[in-house]
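# Overview (structure and organization)
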Amino acid sequence: MNILFYYPDKERAISLSSLMIAFKKQGHTVSLLTQSEAGDLHRDVSKEGVSVFCHPVKKNSSFLFFWKHIRFLAWFTKKHKIDLVYSHIQRANLVSCIAQFFSPSRFIFCRHHSDSAYVDDNRRERMADRIINRLAKEFIVPSQKVFDQMIETEKVKNRKIHLIRYAYNFDDYRKPDPEAVKNIRKEHPASSLLIKVARLIPEKRHLLLFGVVKKLVQRGFDIKLLVLSDGPLKKELEEYIFKNGLQNHIFMIGYRTDVINFLAAADLVVHVSESEASSSLAKEAGLVLKPLIVCRGVGDFDEYLVDGKNSILIPRSGFENELEDILNRVYKGEKDISLMGKELHQTILDRFSIQNIIKQYDIFHGKSGK
């Protein structure tokens, strides 16, 4: 079978590359087409025999941007005799839901967000979801949270949706570099080194975490927070750090490709996002045996994280006082988190290894066309 992965971006995404490589090993012809120029994702899969293609379009006009991508995708599927398209992320799915009418291929729409458009009251994203939901014939979602959101709130028919968890070949993750980990600890010495890895957008709630760190610093705690990734709130967050005199306690590291080294260097991973589909960060934290703090009722955390056993779960809203208390107790050694990372590690391997999930895709590979 000729399989195409259609995706907007170029950054490394192991949940995608693991699937592409696994399908290739099953004997399928697998291709990757992105709306961006080539990057780490292309390099990761091309060395395993996946054909890679790029079609970047300048976004001078939203209409022309999407129309050019629609025309190209329809042409591409015909030229390369694509049987099945796995379309990922809303920006690609908008293109695919129109292109499918001009293509002989079967399209599967893979959704990677849950309720973010509602949390941020983003009317544009909600409109895009409505268009995709109406036109798409089949979806894959990674968690029960997304499944319920689409059925109960967005009124998508149950029969259109398949729930398949993200699948990872964990051997593809880079191992932490001991020297790099040592240098990170040396550059940011602290009795308690926290890390937050999330795009700098409102739903990831960096400012609420910053406020908790500020209170602990005011109480004399030797605590530091490393903030990785980038996004539109960067300037606002940097201004908060400066205005509150936190330059020696909160560090904006920016986007990094070696996140695994920073996770390995940290004592605790804090992820207070209020909207997720199925967070990759939780898997990465588990790989390096790091304890994790997340919010209940977000993404699929409640499906596999157990408070006090393999993670710490706090309320989705109004969590600041509880988080401050937890960090206070961890700092003073009153709360034992030593075994949580090991428990999380085993949970992640059992639940998300590609060997345990890949067969669920057989239902799509038994037939092609429309």
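Now for a quick tour of the structure.

The rules behind the values
- Residues numbered from 1 in each chain as written.
- Predicted model: local features only at pLDDT ≥ 70, side-chain atom pairs only at ≥ 80, totals over all residues.
- Heavy atoms only, no water.
- Patch = residues over 30% accessible without salt bridge, like charges linked within 9 Å, V, L, I, M, F, W, Y side chains within 5 Å.
- Areas by Shrake-Rupley, 256 points an atom, 1.4 Å probe, with all protein chains shown as cover.
- Salt bridge = Lys/Arg side-chain N within 4 Å of Asp/Glu carboxyl O.
- Lys, Arg positive; Asp, Glu negative; His and termini not counted.
- Charge placed at Lys NZ, Arg CZ, Asp CG, Glu CD.
- Helix = DSSP H or I, 4+ residues; strand = E, 2+ residues; numbered from the N terminus.
- Expected span 1.5 Å × (residues − 1).
- Buried < 20%, exposed > 50% of the residue type's maximum accessible area, 1.4 Å probe, protein only.
- Contact = heavy atoms within 4.5 Å.
- Pairing = 2+ DSSP bridges.
- Axes fitted to C-alpha atoms, helices over the stretch in contact; angles between N-to-C directions.
- Core = buried A, V, L, I, M, F, W, Y, C linked by side-chain atoms within 4.5 Å.
- Right-handed = clockwise from strand over helix to strand, strands pointing away.

## Focus on a negative patch on the surface
- On the surface, Asp230, Glu236, Glu238 and Glu239 cluster together to form a negatively charged patch.
- Mapping Glu238 onto the fold places it in helix α10 (residues 234-243).

## What to know about helix α1 (residues 14-25)
- With 12 residues, α1 ought to run about 16 Å at 1.5 Å a step, and its terminal C-alpha atoms sit 16 Å apart, in line with that.
- Of all 12 residues in α1, 10 are buried; the element is thus mostly enclosed.
- By the burial criterion, the buried members of α1 are Ile14, Ser15, Leu16, Ser17, Ser18, Leu19, Met20, Ile21, Ala22 and Phe23.
- Packing partners of the buried residues in α1 comprise β1 (2-7), β2 (29-34), α2 (40-46) and β4 (84-88).

## Points about the sheet that holds strand β3 (residues 51-54)
- The strand order across the open sheet formed by seven strands is β3-β2-β1-β4-β5-β6-β7, and the pairing between neighbours is parallel. Single-partner strands in this sheet number two, and they are β3 and β7 (161-163). Looking at each pair of strands side by side, their axes are set apart by 25 degrees on average, direction ignored.
- Pairing geometry for β4 and strand β5 (residues 106-110), over five bridges, is parallel. Opposite Tyr86, over in β5, you have Ile108 as the bridge partner.
- Here helix α3 (residues 62-79) sits on the sheet and contacts β1, β2, β3, β4 and β5; the angle it forms with β1, its principal contact strand, is near 165 degrees.

## Considerations on the nonpolar core
- Formed by 97 residues in total, the largest nonpolar core has its most connected members in Ile195, Leu263, Ile293, Ile314 and Leu323.
- With near-sequence residues (within four places) excluded, Leu323 lies in contact with Leu209, Val212, Val270, Val272, Ile293 and Ile314.
- Among the nonpolar cores identified, the runner-up in size contains 26 residues, and Phe23, Leu41, Val45 and Phe364 belong to it.

## Structural notes on the pairing of β3
- With four bridges joining them, β2 and β3 adopt parallel strand pairing. In the sheet register, Ser31 faces β3, and the bridge partner there is Ser51.

## Focus: the pairing of strand β12 (residues 292-295)
- Residue alternation in β12 divides its side chains into two sets, Leu292 and Val294 and Ile293 and Cys295, and both sets are buried.
- Relative to β12, strand β11 (residues 268-271) is paired through three bridges, and the arrangement is parallel. Each bridged residue has a counterpart across the sheet, and for Val269 the counterpart in β12 is Leu292.
- Between the parallel elements β11 and β12, the chain passes through helix α12 (residues 280-287) in a crossover that is right-handed.
- Relative to strand β13 (residues 312-314), β12 runs parallel, the two being bridged by three bridges. Paired with Ile293 across the two strands is Ile312, which belongs to β13.

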